[in-house]
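These are the residues of each chain, in order.
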Amino acid sequence: MDWKINSLEEYAVAYQESRNNPDKFWGDIAESFTWHKKWNEVQSGTIKDANVKWFEGGELNITENCLDRHLEDRSDKVALIFEANNPEEEAKEYTYKELHEAVCKAANMMKDLGVGKGDRVCLYMSMVPELLISVLACARIGAIHSVVFGGFSAHALAGRIEDCECKLLITNDAGFRGSKVTHLKEIADNALNDLGKTSVEHVIVHKRVGNNIEMKEGRDIWWHDIYPKASSDCKAEVMNAEDPLFILYTSGSTGQPKGVLHTTAGYMVWAAYTFGNVFQMNEEDKYWCTADIGWITGHTYITYGPLLNGATTTMFEGVPTYPDAGRFWEIVDKHKITHFYTAPTAVRALMACDSEFVKKQDLSTLKVLGSVGEPINAEAWNWYNKEIGKEKCPIVDTWWQTETGGILISSLAGVTEGKRCFATLPLPGVFPALMDTEGNIIEEREAEGNLCITRPWPGMLRTIWGDHERFKQTYTSAYPGTYFTGDGCRRDENGLYRITGRVDDVLNVSGHRIGTAEVENAIGQHPHVIESAIVGYPHDIKGQGIYAYIIASENHHEDMIKEILEVVTSEIGPIAKPDKIQIVPGLPKTRSGKIMRRILRKIAAKEFDNFGDTSTLLDPSIVETIKDGSL
Ligand code: PRX
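I will try to describe carefully the structure that is included in this document. (Residues numbered from 1 in each chain as written. Predicted model: local features only at pLDDT ≥ 70, side-chain atom pairs only at ≥ 80, totals over all residues. Heavy atoms only, no water.)

So, about helix 15 (residues 378–388). Working note: α-helix, 3.6 residues per turn, so residues spaced by three or four point in the same direction. Of the residues making up helix 15, those classed as buried are Ala380, Trp381, Trp383, Tyr384, Asn385 and Ile388. Buried residues in helix 15 make contact with helix 12 (327–335), strand 18 (339–342), helix 13 (344–351), helix 14 (356–359), strand 19 (368–372) and strand 20 (395–398). Backbone geometry just downstream of helix 15 places Lys390 in the positive-phi region, at approximately 50°. (Buried < 20%, exposed > 50% of the residue type's maximum accessible area, 1.4 Å probe, protein only. Helix = DSSP H or I, 4+ residues; strand = E, 2+ residues; numbered from the N terminus. Contact = heavy atoms within 4.5 Å.)

Now for the nonpolar core. Ranked by internal contacts, the top residues of the largest apolar core, which has 125 residues, are Trp26, Phe55, Leu99, Phe279 and Tyr304. Take this core: its biggest share by element is eleven residues, from helix 10 (residues 264–279). Beyond its immediate sequence surroundings of up to four residues, Leu99 is in contact with Leu67, Ala79, Leu80, Tyr94, Leu132, Ile133, Leu136 and Leu307. The next biggest cluster of nonpolar side chains, apart from the first, holds 45 residues, and it includes Trp295, Leu507, Ala522 and Val529. (Core = buried A, V, L, I, M, F, W, Y, C linked by side-chain atoms within 4.5 Å.)

The next thing to look at is the sheet that holds strand 21 (residues 432–435). Pairing in this open sheet of four strands is antiparallel, and the strands run 21-22-24-25 from one edge to the other. Each edge of the sheet is formed by a strand with only one pairing partner; in this case those strands are strand 21 and strand 25 (497–502). The average angle at which neighbouring strand axes cross in this sheet is 45°, direction not considered. Pairing analysis gives five bridges linking strand 24 (residues 483–491) to strand 25, with the strands arranged antiparallel. Across the sheet, residue Arg490 finds its bridge partner in strand 25, namely Arg498. (Pairing = 2+ DSSP bridges. Axes fitted to C-alpha atoms, helices over the stretch in contact; angles between N-to-C directions.)

Attention shifts here to helix 18 (residues 560–571). Given a rise of 1.5 Å per residue, twelve residues ought to cover 16 Å, and the 16 Å separating the end C-alpha atoms of helix 18 matches this to within 8%. Turning to helix 18, its buried residues are Met560, Ile564, Val567, Val568 and Glu571. Each buried residue of helix 18 sits inside an arc of 95° when the element is viewed along its axis, so together they form one side. Looking at the buried positions of helix 18, the neighbouring elements they touch are helix 7 (154–164), helix 17 (516–523), strand 28 (529–539), strand 29 (543–552) and strand 30 (580–583). Where helix 18 ends, the next residue or the one after it, Gly573, has phi of about 150°, a positive value. (Expected span 1.5 Å × (residues − 1). Arc of directions from axis to C-beta.)

If you walk across this open sheet you meet the seven strands as 5-4-17-16-18-19-20, and the pairing is mixed. Two strands bound the open sheet, and with one partner strand each, they are strand 5 (92–95) and strand 20. For this sheet, the mean angle separating the axes of adjacent strands, direction not counted, is 20°. With three bridges connecting them, strand 16 (residues 286–289) and strand 17 (residues 312–316) associate as parallel partners. Within strand 17, the position partnered with Lys286 by the bridge is Thr312. The strands touched by helix 10 within the sheet are strand 16, strand 18, strand 19 and strand 20, with strand 20 carrying the most contacts at an inclination of about 145°.

Take the site of the ligand next. With respect to spatial proximity, 17 residues lie near the ligand, and among them Asp397, Thr398, Thr402, Asp487 and Arg513 are the closest. Between the ligand and the protein, one listed contact pairs a nitrogen atom with a backbone N or O atom of Gly373 at 3.1 Å. Arg502 is positioned such that a nitrogen or oxygen atom in its side chain is 2.8 Å from an oxygen atom of the ligand. When isolated, the ligand has an accessible area of 540 Å², and the protein chains bury 96% of it. Mapped onto the shell around the ligand, the elements with two or more residues apiece are helix 11 (296–308), strand 20 and strand 25. Looking at the shell around the ligand residue by residue, the classes come out as six nonpolar, six polar and five charged. (Near = heavy atom within 4 Å. Polar contact = N/O pair within 3.5 Å; in protein donor to acceptor, adjacent residues only side chain to side chain. Areas by Shrake-Rupley, 256 points an atom, 1.4 Å probe, with all protein chains shown as cover. Nonpolar A, V, L, I, M, F, W, Y, C, P; charged D, E, K, R; others polar.)

The next thing to look at is the side chain of Ser630. When you line up the elements, Ser630 lands in the segment after helix 20 (621–628). For Ser630, a relative accessible area of 19% puts it in the buried group. Of note is the side chain of Ser630, whose polar atom sits 3.0 Å from the backbone oxygen of Lys627. Among all residues touching Ser630, those that are not within four sequence positions of it are Tyr547, Gln582, Ile603 and Phe608.

Our focus in this paragraph is a negative patch on the surface. A cluster of like negative charges, contributed by Glu162, Asp163, Glu165 and Asp467, occupies part of the molecular surface. Turning to its location among the elements, Glu165 is positioned in the loop between helix 7 and strand 8 (168–172). (Patch = residues over 30% accessible without salt bridge, like charges linked within 9 Å, V, L, I, M, F, W, Y side chains within 5 Å. Salt bridge = Lys/Arg side-chain N within 4 Å of Asp/Glu carboxyl O. Lys, Arg positive; Asp, Glu negative; His and termini not counted. Charge placed at Lys NZ, Arg CZ, Asp CG, Glu CD.)

In the contact formed by helix 1 (residues 8–20) and helix 2 (residues 22–30), the axes pass within 5 Å of each other and the chain directions differ by 120°. The orientation of helix 1 relative to helix 2 falls into the category oblique. Facing helix 1, whose interface residues are Ala14, Glu17, Ser18, Arg19 and Asn20, helix 2 presents Pro22, Lys24 and Phe25. Partitioned by chemical class, the residues of the contact of helix 1 with helix 2 number three nonpolar, two polar and three charged. (Parallel < 35°, antiparallel > 145°, perpendicular 65-115°, else oblique.)

With omega at -5°, the peptide bond leading from Tyr322 into Pro323 counts as cis. Position of Pro323 relative to the elements: it lies in the loop between strand 17 and helix 12. A positive phi angle, near 50°, is found at Lys390, a position not held by glycine. Even without a glycine there, the phi angle at Thr424 is positive, about 80°. In this fold, Thr424 is placed in the loop between strand 20 and strand 21.

The subject of this paragraph is the pairing of strand 15 (residues 258–263). Burial analysis of strand 15 places six of its six residues in the buried class, which makes it a mostly covered element. Where burial is concerned, the two faces of strand 15 agree: the one with Lys258, Val260 and His262 and the one with Gly259, Leu261 and Thr263 are both buried. In the sheet, strand 14 (residues 244–250) pairs with strand 15 via six bridges, with the strands oriented antiparallel. Counterpart to Ile247 in the pairing with strand 15 is Leu261.

Below is the structure:
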């Protein structure tokens, strides 16, 4: 990989080159991959016209780059380590050769069911190797994967199935997660029943738990009945550079979750380049990212990024606190993990536990620590650095989003300097700008504003599945000609970036993105809810907690709060359950009927001293009433 950056000077040179000569810069990097046909144009289209393309005319298959390419030199190297939920269960390892074979078999299994190029396949699974294998198997045959996090409800799953019109659904009978069992097949059945007429022709069920489930004749097939018979010889489908690779649904500030679409070549180059440069792994190193493949982090930094780099990647089925709060550190010790990537919420949760859990384990193999998903606060950073990294591991605070495909702003481990609570510097090819409220770029170095990206980068989303207008409206029209991230950001005197959090109505709860509108819609399903408003508030472990203000009908009853939690769980999933619910007689609305969320946020955060200008409120006295009843 001659694109690997090894020093601060090399970073500076690469950054300049990516600015001055982007086509040559990215063209050279792309040369290091396997192509069936070279591209005609490195980059075409603009953010302004919402038609960005990378490597147009090129032909390739991403799995040949993840797997086949390594068979010569790394055939017996471990590609994937699987650590089960139960520590007593033996870990599983797949070499590159074995993973290649498994992916080819799974690909043929899908093909035998009539799934092919351009078809959508929905994966609603727990964190078992078959999930990663299915992701790659889709890519092998050119099917578009849409992974739905196993914690989402039947209703949420149904919405995603309906939106992407998938032909095949793959699930587990059930999944292990800590002391709980999630009944995935049953939930999937409910989703399909809700939909009635559906695009789903078949459901492949992978047996993990062995519980009793119903199999619908003609539709449901056991993985173990067809996978063993499938051939391990599967030629990779030749894809165009801009053919869709996957859809991943994420929450926005309005409406239903949107299907972020990533395409093949640009995403591949971005996943590989960012993984290689941010984590700086050596051949013998072992990498573990604790995310779930149901989120973008698990797509880019458990699956594609590490495999494109020929690294050893680890998948963990369970949760950080099962059977006890030492589990993460025990796994690091057991598998001699060198590179560890997790979310601040996990760090904060584990930091609050007995320090013996950490001390018991040998963490001396660790070389690099990563953080992702939300701003990391100073206290958590200090603990992570001292107790886990023993002050010898660089911490990469990686800022990015589902839409960006991979990391945009981060230090490069051991190469560029980190700074506590700062994501620090943009990667080569990333050109950030801070915008003022009028939409002008703030030129001063030290500044705070809304974060935009001014030029296309290879890993950028191309559209929202089935709704290109929404894509334009959400990302490219707020600050015309640039990509708007939805995040606020501060730049210090040295030009380092610190992400301050969302500036729109999107919450970040335990590193999960949740739209306030989505939760409000869910709550609105309760028959006694007249109106609701959701805001975030600072939460010690989760980063943000969910605070719900609800106007209830007169005849509401005591069980209402419990029922609301149930409604949210069934409409979205347990991750979107409000932490606090306050029944209020009214909401602070302006004369034009707009809810003044600023005030609600202040009350939720217990900042009662200054509500700012409330004179435009229809009924200013409501503020005091809400404040008096606040939780
Ligand atoms: O607000 C930012 C926050 O997470 C949002 C993106 O969420 P999602 O698409 O679910 O992707 C999460 C994993 C990449 C961003 O808009 N965020 C992500 N990483 C950081 C962060 N905030 C601060 N620091 C980070 N390192």
